[in-house]
Amino acid sequence: MVVLRKPFFVFNFCFITALLFFSLQHVGFTSAVSRPSKPRRRTPAAHTRAPGAYTRTPGAHATTPGTRPRLPGANTRSPRGNTRISGAKMGQWKVLLNSTGVVAMHMTLTPRNTVLMLDQTETGRSGYLLRGRRYRGAVCSSSNVHDSACWAHSVEYDINANKIRALPVQTDTWCSSGAFLSNGTLLQTGGHGNGYRRIRYFHPCTNRQCSWIQSSNSLMSNRWYASDQRLPSDRVIVVGGKDVFTYEFVPKFSRNERSFSLPFLQRTYDSGEDGNNLYPFLHLSSDGNLFIFANRDSILLDYRRNRVMKTYPRIPGDGARNYPSSGSSVMLPLNYKDGFQKVEVIVCGGSSKGAYEAARGGRFLKALNNCGRMVISGVNHKWEMEHMPAPRLLNDMILLPTGQILIINGARNGAGGWNNAVRPSLEPYLYSPKKKWGRRFSVLKATKIPRLYHSSALLLPDGRVLVAGGNPNRNYTFRNVAFPTELRLQAFTPHYMDRSYHSIRPSSVSINLQDSVRYGEDFTIIFRIVRTPGKVVNFNIYAPPFTTHSISMNQRMLRLRCKTMIRERSGWTNAVLVAPPNPVVAPSGYYMLTVVNEGIPSIAQWLKLDSI
């Protein structure tokens, strides 16, 4: 902790948001178990189509290029700002590892600065043989390599070391869900087959000895394609699943806890399209109730009394947003200026009506090209519609420390599921929610690696976006398919990390507390800026999500109040911040805190919110 001397300049105000500075040298990686072989790869342009693959020009079934369908009740003015941006503003891509060993169908960031990745056990052999593990009375070795249990289907990625550690997982996590508890433990629920009703825990550690623990308790219902949301009570609500129209709570207080009927899920189920309401979008509202979006409809649920408090207008347009239509959603950052009471959600992308069945028959319909944005708090609710630069599904939406949203991964045609999408979306979109309508989207630098079904993305503490997974092909398939199974690990570096911003980037952020900060209390941070801080300095805290199938469960950002900010001649700045008022607006647990000076964020520091 730096001792601050006599101040010479006092700011009577402060806003908040994020930071970033980094110049990491990445090295080759090793495994704690065994080194995966490097599959033969082709550039995206060299992908060959599988026998019988669709060969007509993608998008031929859709509207004429350049035309936009009118949406009932939507704003249909032509967007003027959906353009490319030049130079360093476009960001940069870098391959970190040639193979993660498993497809990152699920991915999450832990408070130990590691990333957990999960695949499905039914895929058979992965990149890591679990040498020495016993299965069916024999020791796993090259002689029984076809036994799925002898291969790792989960890994832990060390961000700083750029290395992978293989982890055994007992039951199938295919299309499962997850959320962090207040102590930093990941609670992971459901899956397929022997994982339908399983509950798993992973408590991150520093000695590389931690692994998955399977609970003796079970879920009440099969939870395949369900969604998890952390609650103020430090429990998690698990909603939906394939052919399941209920919700329940974990951790379990007893084996006799029941599940609760949710007719909304049954009403939104589209039997001809494999559901179209799987992995429902969940957002915890500032009044403690749960916003649930499924297919095209949404409600506000009082889960404590099992009562629907609001039914919102249907999002305009045809098509659906949830799996297998596979759009995405985030809740915009909450702000101390209104007491964290205004809650606004945005839903982007998805599939055209009938796209799932069409894709199974070899026809790939154009994806939806719009986003819907709505304030879910208060009394007036109306979707504001706006067009993305191009159609998109299977897209991930990541809140950046600047308060902007990065839309990344996905495809332009088709639906979710194996080999159901074509025309990869290689260019990320940057969405700036505070800009005027029609000027909110920018197109960033394209990757060369297609990321379609089973891809994931998440924000790292240093401000990069980690991108992994994609194209499982039912097994690890690298040849004779349109899109080979993707094991390469990438980082997308946004423009705000460029060295040219060094003089205005906050650095050396330190939080003056022993363990955690209590709700509503003042706490002090210090940081350094080479130049005098700008007129706008924001302070954000961010809850990292559990990402899978285009949704980021529990992703949450809050802008904190700054009471005073004092800068010394040396460049060190002392800021007194106010913690969120209660666990309803910010459930207890670990958050990444960033300082954002004139739109340039610092490297995030971990902060624990606690009511004790």
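Relevant structure appears above.
Residues numbered from 1 in each chain as written. Predicted model: local features only at pLDDT ≥ 70, side-chain atom pairs only at ≥ 80, totals over all residues. Heavy atoms only, no water.

Draft legend 1. Expanded view of the environment of Tyr128. By secondary structure assignment, the location of Tyr128 is in the loop between β5 (114-118) and β6 (134-135). On the basis of relative accessibility, which here comes to 0%, the residue Tyr128 falls in the buried class. The spatial distance from the C-alpha of Tyr128 to the C-alpha of Leu167 is 9.1 Å, given a sequence separation of 39 residues. (Helix = DSSP H or I, 4+ residues; strand = E, 2+ residues; numbered from the N terminus. Buried < 20%, exposed > 50% of the residue type's maximum accessible area, 1.4 Å probe, protein only.)

Draft legend 2. Structural detail: the nonpolar core. Within the largest apolar cluster, 73 residues are counted, with the highest numbers of intra-cluster contacts made by Phe523, Ile525, Phe527, Phe539, Leu558 and Leu593. The greatest single-element share of this core, amounting to four residues, is contributed by strand β39 (residues 537-543). Counting residues in hydrophobic clusters, the runner-up holds 61 residues, among them Leu96, Ala457, Leu458 and Ala468. (Core = buried A, V, L, I, M, F, W, Y, C linked by side-chain atoms within 4.5 Å.)

Draft legend 3. Fine view of the pattern of salt bridges. Applying the stated criterion to the full structure yields 16 salt bridges. Where Arg373 meets Glu344, a salt bridge forms, and the shortest distance between an N and an O atom there is 2.7 Å. With Arg373 in strand β25 (residues 370-375) and Glu344 in strand β24 (residues 344-348), this pair connects stretches of sequence that are 29 residues apart. By the burial criterion, Arg373 is buried, and Glu344 matches it. A salt bridge links Arg464 to Asp462, with the nearest nitrogen and oxygen atoms 2.9 Å apart. (Salt bridge = Lys/Arg side-chain N within 4 Å of Asp/Glu carboxyl O.)

Draft legend 4. Expanded view of the packing of aromatic side chains. Counted by the stated rule, this structure contains 19 aromatic pairs. Ring centres of Phe293 and Trp383 lie 6.0 Å apart, and the angle between their planes is 90 degrees; on these two criteria the pair is classed as edge-to-face. Separated by 90 residues along the polypeptide, Phe293 in strand β19 (residues 290-294) and Trp383 in the loop between β25 and β26 (384-387) bring together distant segments of the chain. Judged on exposure class, the residue Phe293 and its partner Trp383 are both buried. Members of the aromatic cluster, connected to one another through ring pairs, are Trp174, Tyr196, Trp224, Tyr225, Tyr279, Tyr323, Trp418 and Tyr453. The side chain of Arg304 reaches across the aromatic face of Tyr303, ending 5.0 Å from its centre. A cation over a ring is seen here: Arg392 above Tyr429, with NZ or CZ 4.5 Å from the ring centre. (Phe/Tyr/Trp six-rings, centres within 6.5 Å; stacked < 30°, edge-to-face > 60°. Lys NZ or Arg CZ within 6 Å of the ring centre and 35° of its normal.)

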